[in-house]
Amino acid sequence: MDFKLEYMERLFAKISKKKTESYVISRIWHQLDDDRVKFVVQQYIKRTQDKYALADLYLPQLNIFIEINEPFHKNNVEVDKIRNEEIVNKTHSELRIIDCGYVTKGEGDKDVIHWKPLDEIHSQVTDVVNLIKQRVAELGDNFKPWDDASTLTVEYHRQKGYLKVEDNECLRTADDVAAVFGTKPKHRGFLRASGAAVPGKKNEIIWWPNTAHKRWHNELSKDGMFIYEYPEEENKSVTRSEHLKQWLSAPEETRITFLRYEDDLGFCFYRFVGVFRLDKEKSVRENKCVWERISDFYQLNV
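So, a few notes on the structure that sits alongside this text.

Criteria and cut-off values
Residue positions are given per chain, counted from 1 along the sequence in the order it is written. Reporting in this predicted model follows two pLDDT cut-offs: at least 70 for local features of residues, and 80 or more for side-chain atom pairs to be given and counted; totals over whole chains, interfaces and linings ignore these cut-offs and use all residues. Side-chain metrics in this entry use all non-hydrogen atoms of the structure; hydrogen atoms and water are not considered. Put simply, DSSP marks the helices as runs of H or I at least four residues long and the strands as runs of E at least two long, and each gets a number from the N terminus on. Categorising residues by exposure relies on relative accessible area from a 1.4 Å probe, with only protein chains included: less than 20% of the type maximum marks a residue as buried, more than 50% marks it as exposed, and the intermediate range marks it as partly exposed. Using the Shrake-Rupley algorithm and a 1.4 Å probe, accessible areas are obtained, with residue cover drawn only from the displayed protein chains. Pairing of aromatic rings covers Phe, Tyr and Trp, the last through its six-membered ring, and needs centres within 6.5 Å; plane angles under 30 degrees mean stacked, over 60 mean edge-to-face, and all others mean tilted. To estimate the expected span of a helix, count its residues, drop one, and scale the result by 1.5 Å. Here, the term nonpolar core denotes a set of buried Ala, Val, Leu, Ile, Met, Phe, Trp, Tyr and Cys residues that are joined through side-chain atoms within 4.5 Å. Contacts are assigned to residue pairs with any non-hydrogen atoms lying within 4.5 Å of each other. Only when DSSP finds a minimum of two bridges between them are two strands counted as paired.

**Regarding the overall build of the chain**
- When helices and strands are tallied, the chain shows 9 helices and 18 strands.
- Expressed as a percentage of its 302 residues, the buried residues of the chain come to 44%.
- Counting every atom, the chain has about 17,400 Å² of accessible surface; 48% of that belongs to carbon and sulfur.

Here's what the structure looks like:
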């Protein structure tokens, strides 16, 4: 299946229970009719140290957020205003709101919901679509079309010739990760190893830890500088101390690392997160393998 088709199918499936939001976003997508523009729904935004928001629709290439307000939002005008201001200040983005209704007080001080006519909602959608088209036109040659499908291929990375953390690019499978380096993952019976040696490089390993592994804990620190690795309690094959002792006594190893994760739409990706080595002192103090990032860049020999 074409990647963009699968992506949009999953996107609309994710918001299908939010009927108004789903209708409005679907109309924006179809009226825009430009699959160069990537849509992201329920985008996580950290507002403060202990608060976050989920934006209804985000267009990452244009840094535009679109909020779809149903009538009940009118009961939270001041809260929404503060939330939206925090989003704009934090992300330096452009915010557009599509207002679908309002609430008044009826008999017995009960809320009465009023939906705006469909043509008014459609008019707001058209304004947003025109804004998107205008921003794309303003960027001209600087507009980078949505092309995740090509950047997910082995050929793309081999032709590019290097890996860089800030590019935030991924591959779909461990086999693809290994193929970028001209090798294949090794299998242990029906199990597949979590890494492979880099051909022609001594003590360099391609590593693809799984953040959702049932027997191994693999966690990337928030700043991306450390990976914490240790066996889970239910892993009866090895203890934390045994695992740590093994790597403390092993020859120093450099790990070109792709972290396996699942995104909000259920896609699994392997994202390059850097080149790591074991921080022995920190590992001993914490009784677990602590891999420290020594570089955010790796030059491929292809």
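**Observations regarding unusual backbone geometry**
- At D33, a residue that is not glycine, the phi angle is positive and equals roughly 55°.
- Here D33 lies in the loop between helix 2 (19-32) and strand 1 (40-46).
- By relative accessible area, D33 is classed as exposed at 67%.

**Some remarks on the packing of aromatic side chains**
- Scanning the entire structure with this criterion turns up 15 aromatic pairs.
- Note on Y7 and W146: the rings are 5.0 Å apart at their centroids and 65° apart in plane angle, and the pair reads as edge-to-face. Of the two residues, Y7 sits in helix 1 (residues 3-14) while W146 sits in the loop between helix 4 (118-139) and helix 5 (148-151), which places them 139 residues apart along the sequence. Neither residue differs from the other here; Y7 and W146 are each classed as buried.
- Ring centres of W247 and W291 lie 5.9 Å apart, and the angle between their planes is 75°; on these two criteria the pair is classed as edge-to-face. With a gap of 44 residues between them, W247 in helix 8 (residues 240-248) and W291 in strand 17 (residues 289-295) connect regions that are remote in the sequence.

**Some points on helix 4**
- For helix 4, built from 22 residues, the straight-helix expectation of 32 Å at 1.5 Å per residue is met to within 8% by its first-to-last C-alpha distance of 32 Å.
- Burial in helix 4 covers these residues: I121, H122, Q124, V125, V128, V129, L131, I132 and V136.

**So, the environment of V103**
- Turning to its location among the elements, V103 is positioned in strand 5 (residues 101-105).
- Considered as a pair, V103 and H114 are 11 residues apart in the sequence and their alpha carbons are 5.8 Å apart.

**Some words on the nonpolar core**
- Membership of the largest hydrophobic core comes to 41 residues, with the highest contact counts inside it found for Y7, L11, I28, F39, L59, I66 and I132.
- Breaking this core down by element, the ones donating at least two residues are helix 1, helix 2, strand 1, strand 2 (52-59), strand 3 (64-69), strand 4 (94-99) and helix 4.
- Broken down by element, this core gets its largest block of residues, 7 residues, from helix 4.
- Filtering out sequence-adjacent residues up to four positions away, I28 remains in contact with F39, L57, I66, I98, V125, V128, V129 and I132.
- V165, A174, V180 and F181 belong to the second largest nonpolar core, which has 20 residues in total.

**Let's talk about the environment of L220**
- On the secondary structure map, L220 appears in strand 13 (residues 216-220).
- Given a relative accessible area of 23%, L220 falls into the partly exposed group.
- Taking the C-alpha atoms as reference points, L220 and V273, 53 residues apart in sequence, are found 8.8 Å from one another.
- Look past the residues within four positions of L220 in its chain and what remains in contact with it is F226, I227, L259, R271, V273 and F276.

**Overview of the pairing of strand 6 (residues 111-115)**
- Sheet analysis places strand 5 next to strand 6, joined by 5 bridges and oriented antiparallel. Considered in strand 6, the bridge of V103 is made with I113.
- Connecting the antiparallel pair strand 5 and strand 6 is a turn made up of 5 residues, with G108 showing a positive phi of about 70°.

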